[in-house]
Amino acid sequence: MLDIKFIRENLEKVKKAATDKNRKVDFDKLLTLDEERRKLITEVEKVRAERNKISVQRTENREQRDKGKKLKEQIKILEEKLKTVEVDFKNLMYQVPNVPDKSVPIGSDASYNKEVKKWGKVPKFDFKPLDHIEIAKKLDLVDFDRGTKIAGFRGYFLKNEAALMEMGILAHTFKKLVMKGYTPLIAPSLVREFTLFGNGQFPWGREEVYLMEKDSLYLAGTAEVPVTAYFAGEVLKESDLPKKYVAFSPCFRREAGSYGKDTKGLYRLHQFNKVEQVIINKNDYQGSLELHEELLRNSEEVLQDLKLPFRVMLMCTGDMGEPQVKKYDIETFMPVRGGYGETMSNSFMGDFQTRRLNIRYKTAKGEMEFTHSLNNTAVASPRILIAILENYQKGDGTVEVPEILQEYVGKKVITLKK
RNA sequence: GGAAGGGUCGCAUAGUUGGUCUAGUGCGUUCGCUUGGAAAGCGAAUAACACCGCAAGGUGUUCGCGGGUUCGAAUCCCGCCCCUUCCGCCA
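Residues numbered from 1 in each chain as written. Chains lettered and ligands numbered in written order. Predicted model: local features only at pLDDT ≥ 70, side-chain atom pairs only at ≥ 80, totals over all residues. Heavy atoms only, no water.

Glancing now at empty space enclosed by the protein. A full pass over the atoms with the stated rule returns 1 cavity of 30 Å³ or more. In this structure, the largest cavity occupies an estimated 40 Å³ of space. For the largest cavity, the full set of lining residues is Leu-130, Ile-135, Lys-138, Leu-139, Gln-393, Lys-394, Gly-397, Thr-398 and Val-399. Its residues assigned to classes, the lining of the largest cavity comprises 4 nonpolar, 3 polar and 2 charged. (1 Å grid on protein atoms, 1.4 Å probe; cavity = no way out; pocket = protein on both sides within 12 Å on 5 of 7 lines; lining within 4 Å. Points joined across faces, edges and corners; volume = space filled by probe spheres on them. Nonpolar A, V, L, I, M, F, W, Y, C, P; charged D, E, K, R; others polar.)

On to the domain arrangement of chain A. Entries for chain A in the domain assignment read domain 1 (4-93) and domain 2 (110-414). Using only C-alpha atoms to locate each centre, domain 1 and domain 2 end up separated by 42 Å. Across the contact, 4 residues belong to domain 1 and 7 residues belong to domain 2. Interface area, domain 1 with domain 2, both sides summed: about 430 Å², of which 39% is carbon and sulfur. Interface area lost by domain 1 to domain 2 is led by Asp-20, Lys-21 and Arg-23, which between them contribute 92%. Across the contact surface, domain 1 and domain 2 share 1 salt bridge. Where Arg-23 meets Glu-322, a salt bridge forms, and the shortest distance between an N and an O atom there is 3.2 Å. The tally of links from domain 1 across to domain 2 stands at 6 residue pairs in polar contact (both at pLDDT 80 or more). Classifying every residue of the side of domain 1 that touches domain 2 gives no nonpolar, 1 polar and 3 charged. (Domains from an automatic or database assignment. Contact = heavy atoms within 4.5 Å. Buried area = accessible area lost by both parts, 1.4 Å probe. Salt bridge = Lys/Arg side-chain N within 4 Å of Asp/Glu carboxyl O. Polar contact = N/O pair within 3.5 Å; in protein donor to acceptor, adjacent residues only side chain to side chain.)

Strand order across the open sheet formed by 3 strands is E5-E7-E6, with antiparallel pairing between neighbours. Two strands bound the open sheet, and with one partner strand each, they are strand E5 (190-191) and strand E6 (210-212). Sheet topology note: the E6/strand E7 (residues 217-219) ladder contains 3 bridges and is antiparallel. The residue bridging Tyr-210 from the neighbouring strand is Leu-219, located in E7. (Pairing = 2+ DSSP bridges. Helix = DSSP H or I, 4+ residues; strand = E, 2+ residues; numbered from the N terminus.)

What follows is about the pattern of salt bridges. Per the counting criterion, the structure on display carries 28 salt bridges. Among the salt bridges present, the one from Glu-300 reaches Lys-117, with a minimum N-O distance of 2.8 Å. Of the two residues, Glu-300 sits in helix H10 (residues 285-305) while Lys-117 sits in strand E1 (residues 114-119), which places them 183 residues apart along the sequence. Each of Arg-8, Asp-34, Arg-37, Arg-38 and Glu-86 takes part in one network of salt bridges that share partners.

Time to look at unusual backbone geometry. Following Leu-241, the chain continues into Pro-242 via a peptide bond in cis, with omega recorded as 0°. With respect to the element layout, Pro-242 can be found in the loop between strand E8 (235-237) and strand E9 (243-252). Following Ser-381, the chain continues to Pro-382 via a peptide bond in cis, the omega torsion being 15°. With respect to the secondary-structure elements, Pro-382 resides in the loop between strand E16 (372-381) and helix H13 (383-391). Positive phi, normally seen in glycine, also occurs at Asn-160, with a value near 50°.

Pairing is mixed in the open sheet, where 8 strands are placed in the order E1-E11-E12-E13-E16-E10-E9-E4. The outermost strands of the open sheet, each flanked by one partner alone, are E1 and strand E4 (183-186). Along the sheet, successive strands turn relative to each other by an average axial angle of 25°, direction set aside. Summarising the sheet, strand E10 (residues 271-281) and E16 pair through 9 bridges and their orientation is antiparallel. Pairing of Val-275 across the sheet is with Val-379, part of E16. (Axes fitted to C-alpha atoms, helices over the stretch in contact; angles between N-to-C directions.)

Bringing the layout of surface pockets into the picture now. Within this model, the second largest pocket holds a volume of roughly 370 Å³. Taken together, 17 residues line the second largest pocket, and the ones lying closest to its centre are Leu-2, Phe-6, Asn-98, Tyr-285 and Asp-351.

Next up on the list: the pairing of E9. Within E9, 7 of the 10 residues are buried, which leaves it mostly tucked inside the rest of the structure. Where E4 meets E9, 4 bridges bridge the pair, whose relative direction is parallel. Residue pairing for E9: Ile-186 is matched across the bridge by Phe-248. The sheet contact formed by E9 and E10 spans 10 bridges and is antiparallel. Looking across to E10, one finds that Cys-251 is bridged to Phe-272. (Buried < 20%, exposed > 50% of the residue type's maximum accessible area, 1.4 Å probe, protein only.)

What follows concerns H13. The element H13 is extensively covered by neighbouring structure, given that 8 of its 9 residues are classed as buried. If you check which residues of H13 are buried, you get Ile-384, Leu-385, Ile-386, Ala-387, Ile-388, Leu-389, Glu-390 and Asn-391.

The next subject is the packing of helix H7 (residues 160-179) against H10. At their nearest, the axes of H7 and H10 sit 11 Å apart, and the two run at 135° to each other. Classed by the angle they form, the pair H7 and H10 counts as oblique. Handedness of the crossing formed by H7 with H10: right-handed. Of the residues in H10, those in contact with His-172, Thr-173, Lys-176 and Leu-177 of H7 are Asn-298, Glu-301, Val-302 and Asp-305. Broken down by class, the residue content of the contact of H7 with H10 amounts to 2 nonpolar, 3 polar and 3 charged. (Parallel < 35°, antiparallel > 145°, perpendicular 65-115°, else oblique. Left-handed = near helix turned anticlockwise from the far one by under 90°.)

This is the structure we're talking about:
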């Protein structure tokens, strides 16, 4: 959600942002409602002021009391009008997307995304490489059949070295970020509804989120949800900002509307584990952009530790969400699955989320400001295992274990079970 | 699941026979005095939000949320949400 004052004062900018993001917003209606709203507020306040004048008198006078009664009725009528206008106004306000940074390419779809970096050597195989599903089956690393039996569609059991690798990569990444000064958190996956509204996932993405109806709790698809909402409703100290967190959580996604896509393998799952980076910064646009780059570097380093080739895509206006000011996707090379696949997503939201979550701080001048929020995947597994298995496979059917994971797996090579 | 207590200004608290509560106090924060510098001490300021206004300022709303009673509600009534403690169950 943006500030209505900002919209009024930067109308052309905001209109352009909506157009560039492929969102249709009726700005004329919004402004009309805004004007109506303010007019009604002024009116209600005037009548209420009159009413208050009478009530402070503590009068026993019958005429005065009757006058007060009449004013009360007037207030009620005006308030009802105002309420209607405000509901419409708010609904429209929720639809206004955030304004992209000037560095963001303008374009309607993913084809306008810009590759800004490429790292690592794409492996050349002198044999026909297998895809991760075949590798996993051969080396007994994933049990998809029993996974489905137990957990339903897209269910899986990670097994043997794959299970060890997942624990290892999560632990390695978690520790790495802690060493960089990020505060470690293990975050709840079960969350209340307001966290999802606050993050800007609701009201749009309801279909994507699991709901525990009996308890009115949702299963978060990312630790961004609980961690960004961590300070909801609080006023922070400016000197404490930025606050940096690295959070582990199991993640749950219904993957509604993508039933045809990636139905096999470890790419698109209903449940996975993720280490997420979240930063709450003060309202300092340049500073936040720099932190956004820091988050990017952190994730790049994780892939560099694993020696996996990747590229960084700067998302264009049409391919980013409503809340984002700027967004990078990091895509890791998955030779057989089909080129580069998204493994990390790095977003700067300005105060779009924190305005909804009401996370503020007081400046030295004593003014209240909304904080900024940013988040980026540090690593998500099992998806990252696809890249490891496919890039590290050898002609003899074995898979090398990335150096940094060897201590967790307890071996250097994954071989066929007898 | 059972029982009880509670949600008030950044934090902690006072405030329930309805009306100077235009919300008290402590902590914190800011400024000043003091000091070689700092701490301590002393003094002062300090809730948020909305609307009107160039501004000074004014008006209104908000004491978990929603509704009701009343000329007037933090205070009374109804519904809901949330938190804490104890018992039970339990990794």
